[in-house]
There are 2 protein chains.
Amino acid sequence: MFKINDNYLKLPGSYLFSTIAKKVSEFQAANPDKSVIRLGIGDVTQPLAPVIIDALHGAVDEMGKAETFHGYAPDLGYEFLRTAIAKNDYADRGCEITADEIFVSDGAKCDSGNIQEIFSVDNKIAVCDPVYPVYVDTNVMAGRTGTYDPKTEMWSDVIYMPCTADNNFAPELPKETPDLIYLCFPNNPTGATITKAQLQEWVDYANRVGAVIIYDAAYEAYISEPDVPHTIFECEGARTCAIELKSFSKNAGFTGTRLGYTVIPRDLKCGTVTLHSLWARRHGTKYNGAPYIQQRAGEAVYSPEGKVQLAKQVAYYMNNAKVIKEGLQEAGYTVSGGVNAPYIWLKTPEKMTSWEFFDYLLANANVVGTPGSGFGPSGEGYFRLTAFGTYENTVAALERIRKM
Amino acid sequence: MFKINDNYLKLPGSYLFSTIAKKVSEFQAANPDKSVIRLGIGDVTQPLAPVIIDALHGAVDEMGKAETFHGYAPDLGYEFLRTAIAKNDYADRGCEITADEIFVSDGAKCDSGNIQEIFSVDNKIAVCDPVYPVYVDTNVMAGRTGTYDPKTEMWSDVIYMPCTADNNFAPELPKETPDLIYLCFPNNPTGATITKAQLQEWVDYANRVGAVIIYDAAYEAYISEPDVPHTIFECEGARTCAIELKSFSKNAGFTGTRLGYTVIPRDLKCGTVTLHSLWARRHGTKYNGAPYIQQRAGEAVYSPEGKVQLAKQVAYYMNNAKVIKEGLQEAGYTVSGGVNAPYIWLKTPEKMTSWEFFDYLLANANVVGTPGSGFGPSGEGYFRLTAFGTYENTVAALERIRKM
């Protein structure tokens, strides 16, 4: 008789964003006359930039002719895209990453969920608290997290690194030594970030204790301040301890187009085994490459016109971030984030729990946000709003919140 | 100090098709004047059909306008595609599968590699021998296969079901009871298939012993004979024991476009837990949906024009299969497959091993095929040719083989 992977049953409730979607559709069904504004999930709203639309059309045309048709993509991704990434995201920033250290995929969510597979189930993970739920949930599924305590909302075998107002939302080096450290800066959900000097401390620490940093840089395009690292490979020694995850979802609006990449330097080894070779084997065995059409679109992101058009898109969202942040501050909320990230992190008023504030905001302002506690126990009492709505909706949402 | 997933190191050598690609590029480098014809990997060569190109362009245009832009796709896939699949691939064949039992993905390779995750690591798998390498390799990575014996090329904890000329390439019910049974019909690599009555025996067996059949129907579109099942859900009782994997790669040429789906009926349970809920949780946590553009292309596959255009494409490849099969027979080879599948399975001449014949064919005819032993120990002494080349190349390849 077959048996299931019991670890799945340990997961409490459903995936955060599925729960939110269900609550919102119930509210809408009960209140069909209310217009709900969604500033919850990190999904973009601006259409793909013209240069990307052109690249997509061009690639589609190629797929329609025998001479230019493309079948299975190379395991790691097309050379044209990996070369563009290596040049623009690394060489131009003085970072030593070669095209063959880049693995193109269909997005950072898959990569951040799958990357744990190449590590031993005995490895101990450390995560920021609060954090993007995928890191912990995928380790739960793999059986790496021990038992769940519903009271503390914590797993026995996970090292939590609280990020709260007390430490300016920057994690401190953990007391217990982890094997895998998930870091995400600019941070989802707090919108906070750390300086290059702070990140260098993490790289030095990882090299010292023999840990791997899985660095999620999905929000890199939103960095506006000078001393914030755009990639962990700006730090000395990162090539022997870091894996970086990148996405085209937020810098180019690819949430529904799907493209991302993972960087594993060849110097990152366990004994004589490179993690690069393990991930290459996983890619070759369980993945069949990102679509040619999307890879051409990814290439267009790095074209001169692409850079101009996408900088405008990022500026559009960051203007929303400003609207949200200033609007909330005027309304008396305690707010952070929104400067180097499209996320605004607010303290719930009057000691409401995160979910109480979610319900309150939905019922009274018809605005959807994300409860901070959904990202981890230290997120309790906080709430996330995203800048990815339209300008009009963002202004309208803040108007409603102010009136509330 | 972090540790790696040691199971990866147990995998012997590299992924089959990566090895072939390497051998071919070495041959081409050494013989730049030779024109190599590739009938090895199952990659298509015909361009996407006009109706699909139109659908892709239409969807790209939608992505370029705010009113019709699409962000994150629903976890299970868009309703429009799942409805089309449920109607055309199931309801029209009298099979009871609803749209919400269908999970859209970026291809059957990912699904066939990932599906094992929802099962216990203690489960024992049974595979046809020879077979598509992904089934075994992904179970090796998960630690489900025991130790590898390089002499027999077999894993200690895998139940092998030999498919040879002796049993007409149809597996027999295993003596030892498995928990998970991988079946692929029409078969890759042998091109053989089984009747509906034979498949019904497997379904009855699985229900009797409490096993799950993972049924890979990627080559369904190539079925030409009447008594061959197009889906396992034609069999009575399959809803309580079967998962079906489908691909758009071979029926619609999506190898580089990427789209597939998995069907998990809600009646398939372990105790009270539905496998549907586990796969839904995996999809929600580790996957971010297939691209909107590709899902619109998938929908076009089921349009009236789509059906006509794709039937022509399948006929084109099946004509190649006929050319290969008859050409080989005329040249004195023992051949099977090629009637309900785009694969031709031949016995290597003069007791050559599969890899010896690979080298011999590459050196003397400059034709690339796939060594049967790459698919499992019972594939030794066999060789796979695919019908996915162009007609011109296929004719030329057979001309060369005849002259050899």
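Cut-offs applied
- Along each chain, residue indices are assigned from 1 in the same order as the chain's sequence is written.
- As they are written, the chains are lettered A onward and the ligands numbered 1 onward, keeping that order.
- Predicted model: local features are reported for residues with pLDDT of at least 70 only, side-chain atom pairs are reported and counted for 80 or more only, and whole-chain, interface and lining totals are derived from all residues.
- Hydrogens are left out, water is left out, and the side-chain values use all remaining heavy atoms of the structure.
- Put simply, DSSP H or I for four residues or longer makes a helix, DSSP E for two residues or longer makes a strand, and each gets a number counted from the N terminus.
- When a residue's accessible area, from a 1.4 Å probe over protein chains only, is under 20% of the maximum for its type it is buried; when over 50% it is exposed; and in between it is partly exposed.
- Should any heavy atoms of two residues lie within 4.5 Å, those residues are counted as being in contact.
- Salt bridge criterion: a side-chain nitrogen from Lys or Arg within 4 Å of a carboxyl oxygen from Asp or Glu.
- Working convention for charge: Lys and Arg count positive, Asp and Glu count negative, and His plus the chain ends are omitted.
- As used here, the term nonpolar core means buried Ala, Val, Leu, Ile, Met, Phe, Trp, Tyr and Cys residues forming a set that is joined through side-chain atoms within 4.5 Å.
- Simply put, the buried area is the total loss of 1.4 Å probe accessible area from both parts when two parts are fitted together.
- Only residues with pLDDT of at least 70 in both copies contribute their C-alpha atoms to the least-squares superposition of the copies.
- Two strands form a pair only when DSSP identifies at least two bridges running between them.
- Convention adopted: a line fitted to C-alpha atoms gives each axis, helices being fitted over their contacting stretch, and angles between N-to-C directions are expressed from 0 to 180 degrees.

**Digging into the environment of B:Ala387**
Residue and element names in this part refer to chain B.
Then comes step 1: With respect to the helices, strands and loops of the structure, Ala 387 is situated in the loop between β17 (382-386) and α13 (391-403).
Then comes step 2: Exposure remark for Ala 387: the relative accessible area of 0% places this residue in the buried category.
Then comes step 3: Considering only alpha carbons, one finds Ala 387 and Tyr 343, 44 residues apart in sequence, at a separation of 6.2 Å.
Then comes step 4: Setting aside chain neighbours within four positions, we find Ala 387 in contact with Tyr 317, Asn 320, Ala 321, Ile 324 and Pro 342.

**Remarks on the pattern of salt bridges**
Residues and elements named next belong to chain A.
Then comes step 1: A full pass over the atoms with the stated rule returns 38 salt bridges over all chains.
Then comes step 2: For Arg 296, the salt bridge identified is with Glu 299, shortest N-O distance 2.8 Å. Of the two residues, Arg 296 and Glu 299 both sit in helix α9 (residues 292-301), 3 residues apart, roughly one turn of that helix.
Then comes step 3: Since its relative accessible area comes to 28%, Glu 299 is described here as partly exposed.
Then comes step 4: Here Glu 399 ties to Arg 402 by a salt bridge, and the two come within 3.2 Å at their closest N and O atoms. Linking Glu 399 with Arg 402, this pair stays in helix α12 (residues 391-403), spanning 3 residues, or about one helical turn.
Then comes step 5: Residue classification places Glu 399 among the partly exposed positions, given a relative accessible area of 36%.

**A closer look at the side chain of B:Asp129**
All names here are of chain B.
Then comes step 1: Following the sequence through the fold, Asp 129 ends up in strand β3 (residues 125-129).
Then comes step 2: No salt bridge is formed by the buried Asp 129. Its closest oppositely charged neighbour is Lys 347, at 13 Å.
Then comes step 3: Once residues within four sequence positions are removed from consideration, Asp 129 is found in contact with Tyr 160, Met 161, Pro 162, Cys 163, Phe 375, Gly 376, Pro 377, Ser 378 and Gly 379.

**Describing the nonpolar core**
Then comes step 1: Counting residues in hydrophobic clusters, the biggest one holds 288 residues, and the most contacted among them are A:Ile52, A:Leu275, B:Ile52 and B:Leu275.
Then comes step 2: Once you skip the residues sitting within four places of it in the chain, B:Leu275 turns out to touch A:Phe2, A:Ile4, B:Ile118, B:Phe119, B:Val212, B:Ile243, B:Ile264 and B:Leu268.

**Structural notes on the interface of chain A and chain B**
Then comes step 1: Of the residues lining the interface, 82 residues belong to chain A; the matching set on chain B comes to 82 residues.
Then comes step 2: Carbon and sulfur atoms make up 60% of the area that chain A and chain B hide from each other, which totals about 6600 Å².
Then comes step 3: Its largest share of buried area at the contact with chain B, chain A owes to A:Phe2, A:Tyr72 and A:Arg281, together 13% of the area lost on that side.
Then comes step 4: Remark: the boundary between chain A and chain B carries 4 salt bridges.

**Comments concerning the relation of the copies chain A and chain B**
Then comes step 1: Taken as rigid bodies, chain A and chain B are interconverted by a rotation of 180° and an axial shift of 0.0 Å, the fit giving an RMSD of 0.0 Å. Both copies are brought into coincidence by an operation consistent with a two-fold rotation axis. Within chain A, the C-alpha atom positioned nearest to the axis of rotation is that of A:His57, 3.1 Å from it.

**Regarding unusual backbone geometry**
All names here are of chain A.
Then comes step 1: With an omega of -10°, the peptide bond between Phe 185 and Pro 186 qualifies as cis.
Then comes step 2: Residue position: Pro 186 is located in the loop between β7 (180-184) and α7 (196-209).
Then comes step 3: With an omega of 15°, the peptide bond running from Asn 188 to Pro 189 counts as cis.
Then comes step 4: Among the structural elements, Pro 189 can be located in the loop between β7 and α7.
Then comes step 5: Even without a glycine there, the phi angle at Phe 169 is positive, about 65°.
Then comes step 6: If you trace the backbone, Phe 169 turns up in the loop between β6 (158-162) and β7.
Then comes step 7: Take Phe 169: its relative accessible area is 8%, and that puts it in the buried class.
Then comes step 8: Backbone geometry at Glu 350 places phi at a positive 50°, although glycine is not the residue there.
Then comes step 9: The residue Glu 350 is located in the loop between β14 (343-347) and α11 (354-365) in this model.
Then comes step 10: On the accessibility criterion, Glu 350 (76% relative accessible area) is exposed.

**A look at the sheet that holds strand β2 (residues 102-105) of chain B**
Strand pairing within a sheet occurs via backbone hydrogen bonds; the two strands may be parallel or antiparallel.
All names here are of chain B.
Then comes step 1: In space, the 7 strands of this open sheet follow the order β2-β10-β9-β8-β7-β3-β6, with mixed pairing throughout. With one partner strand each, in any of the chains shown, β2 and β6 (158-162) form the two edges of the open sheet. Between one strand axis and the next, the sheet turns through 20° on average, direction left out of account.
Then comes step 2: With 4 bridges joining them, strand β9 (residues 242-247) and strand β10 (residues 260-263) adopt antiparallel strand pairing. Residue pairing across strands places Glu 244 opposite Val 263, the latter belonging to β10.

**Re the pairing of strand β14 (residues 343-347) of chain B**
All names here are of chain B.
Then comes step 1: Summarising burial for β14: 4 of the 5 residues are buried, a large majority.
Then comes step 2: Where strand β13 (residues 335-337) meets β14, 3 bridges bridge the pair, whose relative direction is antiparallel. Bridging across to β14, Val 335 finds its partner in Leu 346.
Then comes step 3: Two successive antiparallel strands, β13 and β14, enclose a turn made up of 5 residues, where Gly 338 displays a positive phi of approximately 80°.
Then comes step 4: With 5 bridges connecting them, β14 and β17 associate as antiparallel partners. Residue Tyr 343 lies in a different strand from β17, and its bridge partner there is Thr 386.

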